[in-house]
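Chain residues, written in single-letter form:
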Amino acid sequence: MSTPSFTSDGVRALFTKWVLLLTLLVGFSTAHPDARYPPQKIVEKDAKVARSPFAKFKDLVAEGVTLTDDAPAATTTPLECFQVAEPVLTPQGALFHDGLEISGNGISISIGDEVADTVVLMEHSFANSYGAPFVANYTPPDFDFDHVVINFTVEIKGRQYDRTGVFYLGDTEVWRTSTAEPTSYGIRWTWLKDLTPFLSLWKEPQVLIFDLESIVDSTYTGILNTTLTATYWKSSSVAASGRGPADLIIPISERTGAEGQPSQFTYPAQNATNTISFPQNANRAVFTVDVKGQGDEEFWWSNVPQSAINTFGADYGVYPGYSPFREVQVLIDDQLAGVDWPFPVIYTGGVVPQLHRPVVGIQAFDIKEHEIDITPWLPLLSDGKNHTFTIQVLGLDDDGVSSAKLSTTTDSEWYITGKIFVWLDDADSITTGVLGSAFASEPSISFSQRITQNSTGFNESLDYTLAVTRTLSISSYVKTQKGEGMATWTQSLSYSNNGGVYAYGYDNVNTFAIAGADAATGAGLGYEYSASYSYPLYCSSSAAYSAEGNLTLRADLNQSLVHEVKGDSVFPSGLEAFAGIDATDIARFSGAVLSTWKNGSALYERPADNSYSTGVGSAHQVFSFGGVNGRGGDGEEGTPHSTELYFREVSAYNDTVTNNSVLLLGKAVDV
């Protein structure tokens, strides 16, 4: 057991100061779109293809002949990688997301005698798997269940990029993940994921597709050996939301599951639109969107203003553009229904790979979806006619001086899917109402930039500032079989980014921040939901790439996430796992709040002849998860806003965990 080496008050004070600092810095991003998919050779300085430094030099790191990543303590045991997260509910009670049991200090995680059934869904090695996903016929177990949790375990050694994994049931994406970059002696990780929200799909036969695109050749030698299981059970624990999983899930996707192919759109090459015959008996509907930037969009948050993409063409080359701002839009019949300003997930090859072993970045193993309540649109959708649903990703176009507006596209490329979770009344019921007017004005954008030249007239540096705010809302009268009233959806978001590119295109300093609040209310309709979120990011990086080919990369990366959710969320809030931990009464909480920050520094060096490479990295993460106090309000006066249920502090240096301390309900437990 690892004894906590912190005082909770001290760490919390440091945490608060760090978040406040980033909030004040509000606004920058760094420039690093990852390698193309499938990977391409390094683009030379004078090439006209846009590449971010993080993408360009990631290729060189991956192609290095010899990496000095010998196993710690001369062991050949694979390195265990993990993402820090709150526990997950299983039939055995709460477990860590990597499948490890929680024990120590008299903690009880029992939730009773739960009868469970575990099925192996996939055992497969992904090598040259572009266009060749794993495909199987899924048959539901002959077993009464209302919960499903999957276990995805991977082992790999050699040399390989981080890869994207997408799990489908039919045409519906149910989970998106990414892989860790391996060492020569191997790495391993496990992720448990509660997929109960997709219960209606698990109850029916499906084409099961797991898409994990990879390449194996003389350079990229790592084969992804994977196992996927599903555990089904009927839970006796208290549900955090009384509404239950949706009755129907409608995919908004390419719909190629019947052909044994993944159903994601590739944007902007494809128009991400479906025409749907919507059920007329819906009483609530929520659209969720899942997007992942690839190629020149993987590090979208570090792209430069569109007017500045050729600023360093004389030395570095062309930068990816359309600004470091992205807005994911959901449109119903070409009308804006909601937006998602994406969380900037940094994958394990991102910036400098040594930043992410063995502790991967926030959401790297579990890419979250954003919820947009479309219940106010039910008076339109229930009219018996076909309706279009579109997902698009936009950046910004600018005039190079002081003005910017939403673009009509982005660089290449984005993987996109969506789905609509629908709760139904009886089959002969028809939902009616009066569609309200949607308020969604163009976002307010503040922009400026400055280019500095050296004494000979070459562009040496670029500085820019960017701030965006947006509000949108719709309120409609909706009448269903179960009730009637006003259904309202509102969003308010703010964004800032102060970016700098220096040393003729090779150094970057960025401070970036997004904050938002979403709310869905259905007075008389039996639902209520709200979410607030903020995610600052700071990155300072430098790349020295000589004419001879010597490469040195340095980076400092700080990132945080604060997310609070209340009410009837589509997805588990995270409170569910605590119902069986020392008999915690989770019904007293009105919601859940997650707060985490992770910082790290890394150095990578490699000579031109690839004869060796050296790298060093350190990381430190603090994670807190709790219940929001009070039902129907903020609790009694003087009551803290939330009660901490889980706390973890972890540090790592050169692939080795140096501190790993966990508090569960205020008690230290083993990890």
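See the structure printed just above.
The shown structure was predicted, so the numbers you read here are calculated from the model rather than taken from an experiment. (Residues numbered from 1 in each chain as written. Predicted model: local features only at pLDDT ≥ 70, side-chain atom pairs only at ≥ 80, totals over all residues. Heavy atoms only, no water.)

## Points about the overall build of the protein
Each helix and strand counted, the protein has 4 helices and 35 strands in total. Expressed as a percentage of the 671 residues in the protein, the buried residues total 60%. When contacts within the protein are restricted to residue pairs at least 6 apart in sequence, those whose partners lie at least 24 apart make up 76%. Of the roughly 24,000 Å² of accessible surface on the protein, a fraction of 51% belongs to carbon and sulfur atoms. (Helix = DSSP H or I, 4+ residues; strand = E, 2+ residues; numbered from the N terminus. Buried < 20%, exposed > 50% of the residue type's maximum accessible area, 1.4 Å probe, protein only. Contact = heavy atoms within 4.5 Å. Areas by Shrake-Rupley, 256 points an atom, 1.4 Å probe, with all protein chains shown as cover.)

## Things to note about the sheet that holds strand 7 (residues 164-169)
Taken together, 4 strands build an open sheet; the order of strands is 5-10-7-8 and the sheet is antiparallel. Two strands bound the open sheet, and with one partner strand each, they are strand 5 (134-138) and strand 8 (172-178). Neighbour-to-neighbour, the strand axes of the sheet open up by a mean angle of 15°, direction not taken into account. Sheet topology note: the strand 7/strand 10 (residues 206-212) ladder contains 5 bridges and is antiparallel. (Pairing = 2+ DSSP bridges. Axes fitted to C-alpha atoms, helices over the stretch in contact; angles between N-to-C directions.)

## A short note on the side chain of threonine 164
Mapped onto the fold, threonine 164 is located in strand 7. Take threonine 164: its relative accessible area is 8%, and that puts it in the buried class. Within the structure, the side chain of threonine 164 is placed 2.8 Å from the side chain of lysine 292, a separation counted as a polar contact. A polar atom in the side chain of threonine 164 sits 3.4 Å from the side chain of glutamine 294. If near-sequence neighbours (up to four positions away) are discounted, threonine 164 is found in contact with Arg176, Thr177, Ser178, Asp211, Leu212, Glu213, Lys292 and Gln294. (Polar contact = N/O pair within 3.5 Å; in protein donor to acceptor, adjacent residues only side chain to side chain.)

## Brief notes about the pattern of salt bridges
Enumeration according to the criterion identifies 14 salt bridges in this entry. As a salt-bridge pair, lysine 234 and aspartate 144 come within 3.9 Å of each other at their nearest N and O atoms. In this pair, lysine 234 sits in the loop between strand 11 (224-233) and strand 12 (248-252) while aspartate 144 sits in the loop between strand 5 and strand 6 (147-156), placing the two residues 90 residues apart along the sequence. On the basis of relative accessible area, aspartate 144 is assigned to the partly exposed category, the value being 49%. Notably, a salt bridge pairs arginine 176 with glutamate 173, separated by 2.6 Å at the nearest N-O pair. Since its relative accessible area comes to 2%, glutamate 173 is described here as buried. Salt bridges here are not isolated pairs; linked through shared partners, they connect Asp144, Asp146 and Lys234. (Salt bridge = Lys/Arg side-chain N within 4 Å of Asp/Glu carboxyl O.)

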